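# A closer look at the structure
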Amino acid sequence: MRLAVNIDHIATLRNARNEGDPDPVEAALLSEKNGASGIVCHLREDRRHIRDNDLERLRQSITTKLDLEMAMTPEMQSIAIRTRPELVTLVPEKREELTTEGGFAIKAHFRTLVEFVKPIRDHGIQVSLFIEPEEEAIELSAKAGADLVELHTGPYSLCTGEESFVRELERIRSAARFGRQLGLGVVAGHGLGVRNIAPFRDIRDIEEVSIGHALIARAALIGLPAAIGEILNLIQR
Ligand code: PXP
């Protein structure tokens, strides 16, 4: 299983002083050098971490795969088409949230979504939808023209008891299988880290995990290469 590294919180730290360090592009290159299969960044409407200039520099520098997480807005659509990341991941975005709080409400936005996705795909950019691990959402993602789905693992990451942990993992496992059966690529993310990633190694239908906060937090203590190494040790098949 591959690891895509989300470098948003390198930018959060940089923005705390509003100077140049640490540089998210430097973190992206270091991640690639240490085994990341892709770099993820979320350009939010309020630009609270990654900024437009970071995105441009990332596009010019990275050699694996750039995954631009973004909301379904006309502004983001034109940025995506101009920047040409390999992948766009559509996420619901609320101004007041601390982080993405749930999967995309596909049913409610289906028509808009179909129209939104088409020009992006027409420019050769793959589209992933961040959704709950549920069959209906997966089916609608395929119908909307998505190439991939990213299964929301937030609820899994918050499980405390053994029973809910097993149930949530099973939900993810069967959603991943269903997605693959429909011909979609399947990845997973949110709230994952060294503490809870190990069971994912055996979910063969998941090709990649996307990890940000826990990995960057760990990197602050032991360094980015070591933090990436810990995760890779747990997920490599
Ligand atoms: N995937 C998506 C779609 C996200 O929005 C985020 C958070 O930006 C992540 C993965 C990474 O989550 P975390 O920072 O909890 O690892």
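See the structure above.
Okay, so let's go over this structure. For clarity, every value in this text was computed on a predicted model and none was experimentally measured. (Residues numbered from 1 in each chain as written. Predicted model: local features only at pLDDT ≥ 70, side-chain atom pairs only at ≥ 80, totals over all residues. Heavy atoms only, no water.)

## Topic: helix 10 (residues 224–235)
For an α-helix, the turn length of 3.6 residues means that residues three or four places apart are oriented alike. Formally: Where helices and strands are cited, they refer to DSSP runs of H or I of at least four residues and of E of at least two residues respectively, numbered from the N terminus. Expected span, for any helix, means 1.5 Å times one less than how many residues it has. In this scheme, a residue with accessible area under 20% of its type's maximum is buried, one over 50% is exposed, and one in between is partly exposed, where area comes from a 1.4 Å probe on protein chains only. This arc corresponds to the set of directions leading from the helix axis out to the C-beta atoms. Residues are treated as being in contact if the distance between any of their heavy atoms lies within 4.5 Å.
Between its first and last C-alpha, helix 10 extends 17 Å over 12 residues, near the 16 Å set by a 1.5 Å rise per residue. Listed as buried for helix 10 are Leu224, Ala227, Ile228, Ile231, Leu232 and Ile235. Along helix 10, the residues classed as buried sweep out an arc of 135° about the axis, all on the same side. Where helix 10 is buried, its residues contact strand 1 (2–6), helix 2 (24–33), strand 8 (208–211) and helix 9 (213–222).

## Some points on helix 5 (residues 110–122)
Across its 13 residues, helix 5 extends 18 Å between first and last C-alpha, which sits within 8% of the 18 Å expected from 1.5 Å per residue. Three or more residues of helix 5 are buried, namely Leu113, Phe116, Val117 and Ile120. Considered in projection along helix 5, the buried side chains sweep an arc of 95° and stay on one side of the axis. Structural note: helix 5 exposes Arg111, Glu115, Lys118 and Asp122 on the side pointing more than 90 degrees away from its buried face. On the buried face of helix 5, the contacting elements are strand 3 (66–70), helix 4 (74–83), strand 4 (87–90) and strand 5 (126–131). Positioned one or two residues after helix 5, Gly124 has a phi angle of 80°, which is positive.

## Digging into the sheet that holds strand 3
Rule in force here: Should DSSP find at least two bridges between two strands, the strands are taken to pair. Only the stretch in contact is used when a helix axis is fitted, and all axes are lines through C-alpha atoms; the angle between N-to-C directions ranges over 0 to 180 degrees.
Strand order around the closed barrel formed by eight strands is 1-2-3-4-5-6-7-8, with parallel pairing between neighbours. This sheet shows a mean twist of 25° between the axes of neighbouring strands, independent of strand direction. Inspection of the sheet shows strand 1 paired to strand 2 (residues 38–42) by three bridges, in the parallel sense. If you follow Asn6 over to strand 2, its bridge partner there is Val40.

## So, the nonpolar core
What counts is decided by this rule: To form a nonpolar core, buried Ala, Val, Leu, Ile, Met, Phe, Trp, Tyr and Cys residues must be joined to one another through side-chain atoms within 4.5 Å.
Ranked by size, the top nonpolar core spans 68 residues in total, and within it Leu90, Phe200 and Val209 carry the most contacts. The element best represented in this core is helix 10, accounting for six residues. Discounting residues that sit within four places of it in the chain, Val209 has contacts with Met1, Arg2, Leu3, Ala4, Ala188, Leu192, Ile197, Phe200 and Ile235.

## Side note on the pairing of strand 1
When you tally the buried positions in strand 1, you get four out of five residues, the bulk of the element. Alignment of strand 1 against strand 8, held across four bridges, turns out to be parallel. Across the sheet, Ala4 pairs through a bridge with Ser210, a residue of strand 8.

## Section: the packing of helix 2 against helix 3 (residues 52–61)
Here is the rule we go by: Angles below 35 degrees are treated as roughly parallel, those above 145 as roughly antiparallel, those between 65 and 115 as roughly perpendicular, and all remaining angles as oblique. Should the near helix be turned anticlockwise from the far one by less than a right angle, the crossing is left-handed, and should it be turned clockwise, the crossing is right-handed.
Running from N to C, helix 2 and helix 3 cross one another at 30°; their axes reach a closest spacing of 9 Å. One element, helix 2, and the other, helix 3, form an angle in the roughly parallel class. The crossing of helix 2 and helix 3 is right-handed. Contacts between helix 2 and helix 3 involve Pro24, Val25, Ala28 and Leu29 from the former and Asp54, Arg57, Leu58 and Ser61 from the latter.

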